[in-house]
Amino acid sequence: MSEFKQIGRSFSRTDGLDKVHGKQEYVNDYQPTGLLHAALKISTHAHAKIKSIDTAEAEAASGVQAVITGDDFPVTLGLYMGDHPPLALHKVRHYGEPVAAVIANTEHQAKNAVELIKVKYEDLEVISSPTDGLKANAPLLHENMDEYTHIDAVHPEPGSNVANHTKIRKGEAAQAIADAEIVIEDTFSFPPCDHVAMETRAVISEIKANGNVVIHSTTQAPFTVKELLSFNFDIPVGKIKIIAPPIGGGFGGKAGIQLEGLGYLLTKAADGRPVKLVNDREEDMLSSPGHIGMEAKVRLGATADGKLIAAELDYHFDAGAYADYAVNVSNAAAISCTGPYDIPNVRCDSLCVYTNHPFATAFRGFGHVELAFPIERSMDLLAEKAGIDPVEIRMKNAIKEGDTSPTQSLMDANTGDLRECIKRAAKMINWDQGSFIKKDENKVIAKGFGLLWKSPAMPPNTGAGAIITFNKDGSLNLHTGIMEIGQGSKTGLAQIVAERFGTSPENIHLVQEVNTETAPHDWSTAASRSLMMAGRAALEAADDAIDQICRTAAIPLRCPPEDLIVEGGRVFLEDEPSIGLPLDDVVHGYVYENGNAIEGQVIGRGNYIARRLSGIDPETGKGRPSLEYTLGAQAVEIELDLNDYSYQIKKAVSCMDVGKVINPNLARGQVVGAISMGIGLARSEGFVFNSREQVVNGVLRDYKVLRYGEEPEYEIDFVETPQGDGPFGLRGLGEQGIIGIPGAIANALSRATGVKLNYIPLLPEDIWQSVKEASHNDSI
Amino acid sequence: MIPFNFKYYRPANIEEAVELYQQLKADGEKSIYYAGGTEIVTNARDGQKKYDALIDLKDINECLEHGEKNDEYVFGACLTLNEIVEKDYFPLFSLACRPVADHTTRNQLTMGGNICGKLPYREVILPLMLVEANFVFAGPEGMRTVAAAEAYDKRMLLNEGEFLVQVKVPKKFAELDYHDVRKVKQSEVDYPLLHLAALKDEADQIRIAFSSICAFPFRLEDIEAIFNDSQLEMEEKVEQIVAKFPIPIKDDKRGSADYRRLLLGQSLAEIWHKLGGDA
Amino acid sequence: MKAYENISLVKLKVNGETRDVAIRPADTLLRVLREKLGLTAAKPGCENGDCGACTVLINEKPVKSCMKLAVEVDAGAEIITLEGIKNSIIQETFLEEDGFQCGYCTPGFLVNAYALLKEHPDADDKLAKEWLESNICRCTGYEGIRNALKLAQEKLK
Ligand SMILES: Cc1cc2nc3c(=O)[nH]c(=O)nc-3n(C[C@H](O)[C@H](O)[C@H](O)COP(=O)(O)OP(=O)(O)OC[C@H]3O[C@@H](n4cnc5c(N)ncnc54)[C@H](O)[C@@H]3O)c2cc1C
Ligand code: FES
Ligand code: FES
């Protein structure tokens, strides 16, 4: 029997009934009165000088209120680096970049007018990859990089296309590689792609008569938006209100600042009237940011029996045209560069390189899914070279308590049990029954493994808050700054508070929408940290409220407050439960029969701030940037057709050490959803560019995501090694399930074909080409 | 969201539709026949294709006919692909319809729209090319019934102002052995890399029609002669068949010509195997 | 002959009620439902026929309302949106089996699954795939949706 009543239970989602009845409202469902509509003119060129923009005809079109271009608001914004004009200024740097916006009475008038805008471009040389961008004679995407403001943790290299360079220097990597008995070296790559959250980004902005700016936005980070708007537009931060209803999928794509800056300019141009801007799907994929691309070079050195001694890692990220979150993705990938392996000597240079691709922002897995692909492929290559089973070599090198991370910080007593995860994943995928099985003449079954680790990439002073207020019936209202993005964190928070109150989560009312005017400050609903950090804050708020309840109740009950406990909607003497009061008699002050009242309402407050975190040293990477590490192992089984190289992913398994499972169904749902996205990355998702770096598959007809019936059978397990500082011992789990999957699939397909497949997405035709090339090379 | 405006008409019969088209033309208006709308509405969304008027054919009885008449099956042009699949008069036809787009879209997407559309795939025409189907057109000159060979060459040979009313298929073909192969890049819900439909006729000769491998669907007697030549090895057949293609194999973002060529060889072998060849 | 040459008044039969509404002939049903009738359950996900978030029932058949002109369903067709389906078994099982996370694809998925169960209560995996691959869900990996469908089939027996 569990010691808990609410933790570990699959309590139904608090937002469920609305969602299955079509009553959940998202930003685009709002239609305030007096609403104007905006539409964007986007660039058809990837890199070009803007010679002229002729807006005359558009301005004269029916229903048009205003047309704005970059020249009207020559500002550059940015999350970490101020490199990004909301509308292109003088030049465009990626296909799909917004160059002008029309504000009109109706959306169709706005869209109609957009077509009347004439833009003349003069093409510039394009940068098509990090390699391209790092060439000595490469054109500079941002000539004025040295003028951009940026946070200290980012290290741009003006005069080049490097927006950030993170260095990890642990031990003596070059020497250790030279001494190693086994060395493997290879290159790996994947193109940029998109989140494809089903809800596209949308914003409704308005300036009130008193100058207050009110923005409804599809955001994961309402407070970040508020603070950046204040910083960039010089608006007192208290005069900005962000209202963020639940969003239709985020996956990182709605973190940071998205359409809000442009939204502010639109309402400004429309005299403060409310203006709605909704991305259409193509704009959401091309004009707004997506998933980062990568070129990686990995060199691993090991002893003859497969113990890793050194890694030299060059991660070159394809940031696209603007830095946005990419500079921190490349940073996070450096911090965790080795994957969950104990490697004493590490050199990593992680470069975030500007290219003429749609730019990148946060994406589920944040740097870790990216680094895991080259690392997990490399581990299989190492296993092959050492003649050791891929699972065994992972077991041998798996990180554990007492080892150090690439940033030389100690893996402490809170380190999860990765070996147990590997063991369970291997069992679930029946690894011992063979990882390569010839089914018949034309079909092979193969399995692949991939480990994962993930720590939240966030500023060291990241915090969260929670407030508990009470209704007259004694039920609770829980206010946090956490966004409901589909992950069910609010349900988890309700369970945590319910556990403390000894009540059912039904008695915890959740404020679903976040309003920055009233919600406690929260950094961002990202980095899989919500339940851990807001959970801690909520627990503290619950304890604070319980203290107040006991204090109030102790007076009429004539007992010391510390003898009282709260449970089942009552406060009572722990050793004599019949003596007590219902909560509704206490939470708004106790009232005596004669009308005298004491103490007043209970307001529980709690907060949490990450403890003992630091930035990293710019030269060595030394530091303690990681709140916690979730560790895990994943594996897949695929079936490949040797004629046309089509394949199916039959089974995907995952075991992660999450400290404590608060809600088993929701936890499973997060992992399964993340796995399916990992499959998407491995199987089909990637932008395809033509020679002018225009995206040729920027519509859902051509950009293929996983559909019903293409998903594998999932088997999910959890290990629970408590995280000492996590509420009830929990760690983050929302993103992690994606991380090991691309590597696992590429490993399985490499095994199935006998050919090194070091890229994703793995389309049947590409596999066929690789097999052809390999056999051609063999025969020379 | 369609940004521009157009007029929408719903004629009740063939004559009204034809006259309306002529009238609009005389008034200088660009009009277009409208059926399922899956192509027209999605293309109109980005404002690239503009029309002044849509003439919806879905109230015209003849366009909705679905049944047997004498020794023919009649398929109205405005039948949705799902309706054709569900009645399943002619299994090879159903087989060709079923993988197009997705199930929900097929509740809208019409046979006529697919055949007369501007996209290169037009998969639904494949079986009709194999079975001596007759196409009924209506236009300013009245109605005409045209054999498949004359009705289609690279595209439906509709005159200005004409539309497809229905297609008639001799019943005897429904009895014959058939096979259908559709290959995709990765996801099944996608335009195909190639789609072949084949049927073994009464003389034991295999007929094959090709879609998506080139820029338009086609069927060629020369190709069938090679395919049915029992003296040739399969690889030789494929080689010679490709040489007879009216235009080079498509090379685009969905697949290279080389990969399509590989799939073609495998698909032809599969058809040969399934339909017993000369065995 | 019916003609709609300008802004036109149409009668839409939605969720059992007849609603008069003035529309442009170029307005899609999705936009009219959402913007003119306040029925926002059906969602735009692509407005290109690819994602199924906009799925509604027209005469009991699932249709992508982003590709349907509202004038096409004037005075006649029975339109059902998720708002018109209440407390059905599939809604219940979506809750029980976590058939959703962010909920954005859910109205389209539910409407399609509802129609599938009505037409083929014992649809096998193949048929369920054929129907439900018309919709994209980015959150669930489809496991919860599949389980919800299966459970609904059991409950319907
Ligand atoms: C999600 C999605 C997936 C798709 N997948 C596929 C696929 O896998 N394979 C494929 O082949 N296509 C596919 N298509 C494209 C689709 O085939 C075409 O859009 C469709 O066939 C058009 O049929 P419709 O009835 O909707 O035609 P409409 O959009 O109404 O019309 C299409 C064209 O045909 C003309 N037309 C229509 N009916 C007639 C008639 N009776 N006489 C003369 N002209 C007529 C119209 O004037 C117009 O030019 C897909 C479309 C969508 C939206
Ligand atoms: S919005 Fe209609 S299918 Fe995507
Ligand atoms: S629940 Fe989010 S897209 Fe399906």
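Residues numbered from 1 in each chain as written. Chains lettered and ligands numbered in written order. Predicted model: local features only at pLDDT ≥ 70, side-chain atom pairs only at ≥ 80, totals over all residues. Heavy atoms only, no water.

Colleague: I tried to follow the overall build of chain A on my own but got confused; where do I start?
Modeller: Across its full length, chain A holds 17 helices and 30 strands. Whereas a compact globule of 780 residues would reach a radius of gyration of roughly 28 Å, chain A reaches 27 Å, a difference of no more than 12%. If one aligns the C-alpha atoms of chain A with their principal axes, the spans along those axes are about 100 × 70 × 50 Å. In chain A, buried positions account for 67% of the 780 residues. Expressed as a percentage of contacts within chain A between residues at least 6 apart in sequence, the contacts between residues at least 24 apart total 78%. Entry remark: accessible area of chain A is about 26000 Å², with carbon and sulfur atoms responsible for 48%. (Helix = DSSP H or I, 4+ residues; strand = E, 2+ residues; numbered from the N terminus. Rg over C-alpha atoms; globule rule 2.2 N^0.38 Å. Buried < 20%, exposed > 50% of the residue type's maximum accessible area, 1.4 Å probe, protein only. Contact = heavy atoms within 4.5 Å. Areas by Shrake-Rupley, 256 points an atom, 1.4 Å probe, with all protein chains shown as cover.)

Colleague: Looking at this structure, how should I read the interface of chain A and chain C?
Modeller: A common measure of how large an interface is: the accessible area buried when the components associate. Each partner contributes residues to the interface: chain A has 49 residues there, and chain C has 49 residues. Both sides together, the interface formed by chain A and chain C hides about 4200 Å², and carbon and sulfur atoms give 52% of it. It is A:Val20, A:Met198 and A:Tyr708 in chain A that bury the most area against chain C; as a group they hold 23% of the surface buried on that side. Inspection of the chain A/chain C interface yields seven salt bridges. (Buried area = accessible area lost by both parts, 1.4 Å probe. Salt bridge = Lys/Arg side-chain N within 4 Å of Asp/Glu carboxyl O.)

Colleague: Just to check I follow, could you spell out the domain arrangement of chain A for this structure?
Modeller: All names here are of chain A. Annotation of chain A at the domain level lists domain 1 (16-23 + 462-609), domain 2 (31-124 + 201-278) and domain 3 (293-458 + 614-779). If you average the C-alpha positions of domain 2 and of domain 3, the two centres end up 36 Å apart. The contact between domain 2 and domain 3 buries some 1800 Å² in all, and 58% of this surface belongs to carbon and sulfur atoms. Summed over the three residues of domain 2 that lose the most area to domain 3, namely Tyr-80, Tyr-95 and Phe-251, the buried surface amounts to 31% of that side. For the salt bridge of Arg-692 with Asp-123, the shortest nitrogen-to-oxygen distance reads 3.5 Å. Seen at the junction of domain 2 and domain 3, the total is 11 residue pairs in polar contact (both at pLDDT 80 or more). Among the residues making up the side of domain 2 that touches domain 3, the classes are represented as nine nonpolar, nine polar and five charged. (Domains from an automatic or database assignment. Polar contact = N/O pair within 3.5 Å; in protein donor to acceptor, adjacent residues only side chain to side chain. Nonpolar A, V, L, I, M, F, W, Y, C, P; charged D, E, K, R; others polar.)

Colleague: Would you explain empty space enclosed by the protein in this entry?
Modeller: Residue and element names in this part refer to chain A. Taken as a whole, this structure holds eight cavities of 30 Å³ or more when the rule is applied. Taken as a whole, the largest cavity holds about 620 Å³ of empty space. Looking at the largest cavity, it is lined by 41 residues, and the ones nearest its centre are Gln-487, Ser-528, Gln-670, Gly-734 and Glu-735. The space that makes up the second largest cavity amounts to roughly 290 Å³. Looking at the second largest cavity, it is lined by 22 residues, and the ones nearest its centre are His-84, Pro-86, Gln-258, Leu-259 and Phe-359. Looking at the lining of the second largest cavity residue by residue, the classes come out as 12 nonpolar, seven polar and three charged. Each of domain 2 (31-124 + 201-278) and domain 3 (293-458 + 614-779) accounts for three or more of the residues forming the lining of the second largest cavity. (1 Å grid on protein atoms, 1.4 Å probe; cavity = no way out; pocket = protein on both sides within 12 Å on 5 of 7 lines; lining within 4 Å. Points joined across faces, edges and corners; volume = space filled by probe spheres on them.)

Colleague: How do you make sense of the environment of B:Phe135 when you look at a structure like this?
Modeller: All names here are of chain B. Tracing the chain through its elements places Phe-135 in strand β6 (residues 134-139). For the pair Phe-135 and Met-156, spaced 21 residues apart in the sequence, the C-alpha separation amounts to 9.7 Å. Apart from residues no more than four positions distant in its own chain, Phe-135 is found in contact with Leu-128, Arg-144, Thr-145, Val-146, Ala-148, Ala-151, Met-156, Leu-164, Gln-166 and Val-167.

Colleague: Whenever I open this one, the nonpolar core confuses me. Can you help?
Modeller: Across soluble globular proteins, you tend to see nonpolar side chains buried next to one another. One finds A:Tyr315, A:Phe449, A:Phe501 and B:Phe210 to be the most contacted residues of the largest nonpolar core, which totals 326 residues. In terms of residue count, the dominant contributor to this core is helix α14 (residues 530-557) of chain A (15 residues). B:Tyr34, C:Val10, C:Leu30 and C:Val73 belong to the second-largest nonpolar core, a separate cluster that totals 36 residues. (Core = buried A, V, L, I, M, F, W, Y, C linked by side-chain atoms within 4.5 Å.)

Colleague: Explain unusual backbone geometry here, please?
Modeller: In most cases, non-glycine residues show a negative phi, while peptide bonds are predominantly trans. Residue and element names in this part refer to chain A. That bond from Ile-760 to Pro-761 is cis: its omega, -5 degrees, falls within 30 degrees of zero. Locating Pro-761 in the fold gives a position in the loop between α16 (741-753) and α17 (764-779). One non-glycine residue, Asp-234, adopts positive backbone phi at about 60 degrees. Mapping Asp-234 onto the fold places it in the loop between α6 (222-233) and β11 (240-244).

Colleague: How should the side chain of A:Ser336 be read in this particular structure?
Modeller: Its place among the elements puts A:Ser336 in the loop between α9 (326-335) and β15 (345-354). Those residues within four positions of A:Ser336 in sequence are excluded, and the remaining contacts are A:His368, A:Leu371, A:Pro406, A:Trp453, A:Ser455 and A:Tyr629.

Colleague: Would you mind showing me how to read a negative patch on the surface here?
Modeller: Residue and element names in this part refer to chain A. Together, Glu-562, Asp-563, Glu-574, Asp-575 and Glu-576 make up a region of like negative charge exposed at the surface. As for its position among the elements, Glu-574 is in the loop between β23 (570-573) and β24 (576-582). Its relative accessible area of 52% is what places Glu-574 among the exposed residues. (Patch = residues over 30% accessible without salt bridge, like charges linked within 9 Å, V, L, I, M, F, W, Y side chains within 5 Å. Lys, Arg positive; Asp, Glu negative; His and termini not counted. Charge placed at Lys NZ, Arg CZ, Asp CG, Glu CD.)

Colleague: Explain the pattern of salt bridges here, please?
Modeller: Side-chain pairing between opposite charges can occur once the charged atoms of the two side chains come close. All names here are of chain A. Counted by the stated rule, this structure contains 86 salt bridges over all chains. With a shortest N-O distance of 3.2 Å, Asp-403 and Lys-400 are connected by a salt bridge. According to the relative accessible area criterion, Asp-403 is buried, its value standing at 9%. Of the residues examined, Lys-400 reaches a relative accessible area of 39% and is grouped as partly exposed. Ionic contacts of the salt-bridge type, sharing partners, join the residues Arg-169, Glu-185, Arg-299, Glu-312, Asp-314, Arg-347 and Asp-349 into one network.

Colleague: Looking at this structure, how should I read the site of ligand 1?
Modeller: In the vicinity of ligand 1 lie 36 residues, with B:Tyr33, B:Gly37, B:Thr38, B:Thr110 and B:Glu123 positioned nearest. Mapping the residues adjacent to ligand 1 onto the chains of the assembly identifies chains A, B and C. Separating an oxygen atom of ligand 1 from a backbone N or O atom of B:Gly36 is a distance of 2.8 Å. Residue B:Glu123 places a side-chain N or O atom 2.5 Å away from a nitrogen atom belonging to ligand 1. Expressed as a share of its isolated accessible area of 950 Å², the protein-covered part of ligand 1 is 96%. Listing elements by their share of the shell around ligand 1, those giving two or more residues are β2 (31-34), α7 (111-116) and β10 (163-170) of chain B. It is α7(B) that contributes the most residues to the shell around ligand 1, four residues altogether. When the residues that make up the shell around ligand 1 are grouped by side-chain class, the tally is 18 nonpolar, 10 polar and eight charged. (Near = heavy atom within 4 Å.)

Colleague: Could you clarify how one ought to interpret the interface of chain C and chain B in this entry?
Modeller: On the chain B side, the residues contacting the 34 residues of chain C number 35 residues. For chain C, the biggest contributors to the area lost against chain B are C:Met1, C:Met67 and C:Glu130; these three give 23% of the whole. Our count for the contact surface shared by chain C and chain B stands at five salt bridges. The shortest N-O distance in the salt bridge between B:Glu188 and C:Lys129 comes to 3.2 Å. Taken together, the connections running from chain C to chain B amount to 23 residue pairs in polar contact (both at pLDDT 80 or more). Elements represented by at least two residues in the side of chain C that touches chain B include exactly β1 (2-4), β5 (61-64), α3 (106-119) and α4 (125-132) of chain C.

Colleague: Any chance you could explain the sheet that holds β24(A) here in plain terms?
Modeller: Within a sheet, adjacent strands bond to each other through the backbone by hydrogen bonds, running parallel or antiparallel. All names here are of chain A. Strand order in the open sheet formed by three strands is β22-β23-β24, with antiparallel pairing between adjacent strands. Two strands lie at the open edges of the sheet, namely β22 (564-567) and β24, each paired on one side alone. The mean inter-strand angle of the sheet, taken between neighbouring strand axes irrespective of direction, is 35 degrees. Here four bridges tie β23 to β24, and the two strands are oriented antiparallel to one another. Residue pairing across strands places Val-571 opposite Leu-581, the latter belonging to β24. (Pairing = 2+ DSSP bridges. Axes fitted to C-alpha atoms, helices over the stretch in contact; angles between N-to-C directions.)

Colleague: Sorry if this is basic, but what is going on with the domain arrangement of chain C here?
Modeller: Residue and element names in this part refer to chain C. Per the domain assignment, the segments making up chain C are domain 1 (2-82) and domain 2 (87-156). Computed from C-alpha atoms alone, the centre-to-centre distance between domain 1 and domain 2 is 23 Å. For the pair domain 1 and domain 2, the summed buried surface comes to about 1200 Å²; carbon and sulfur atoms form 64% of the total. For the interface between domain 1 and domain 2, the tally reads one salt bridge. The partner of Glu-119 in a salt bridge is Lys-61, with the nearest N and O atoms 3.6 Å apart. Elements supplying a minimum of two residues to the side of domain 1 that touches domain 2: β4 (55-58) and β5. When its residues are assigned to classes, the side of domain 1 that touches domain 2 shows nine nonpolar, three polar and five charged.

Colleague: Looking at this model, I keep getting lost on the packing of helix α2 (residues 89-96) of chain C against α3(C). Mind explaining?
Modeller: Packed helices, taken two at a time, are described by their axes: the angle between them and the distance between them. All names here are of chain C. Direction vectors running N to C along α2 and α3 enclose 130 degrees, while the axes themselves pass 9 Å from each other. The angle between α2 and α3 falls in the class oblique. Considering the relative orientation of α2 and α3, their crossing is right-handed. Two secondary-structure elements touch here, α2 through Ile-90, Gln-91 and Phe-94 and α3 through Thr-106, Phe-109, Leu-110, Ala-113, Tyr-114 and Leu-117. Residues belonging to the contact of α2 with α3 are distributed by class as follows: seven nonpolar, two polar and no charged. (Parallel < 35°, antiparallel > 145°, perpendicular 65-115°, else oblique. Left-handed = near helix turned anticlockwise from the far one by under 90°.)

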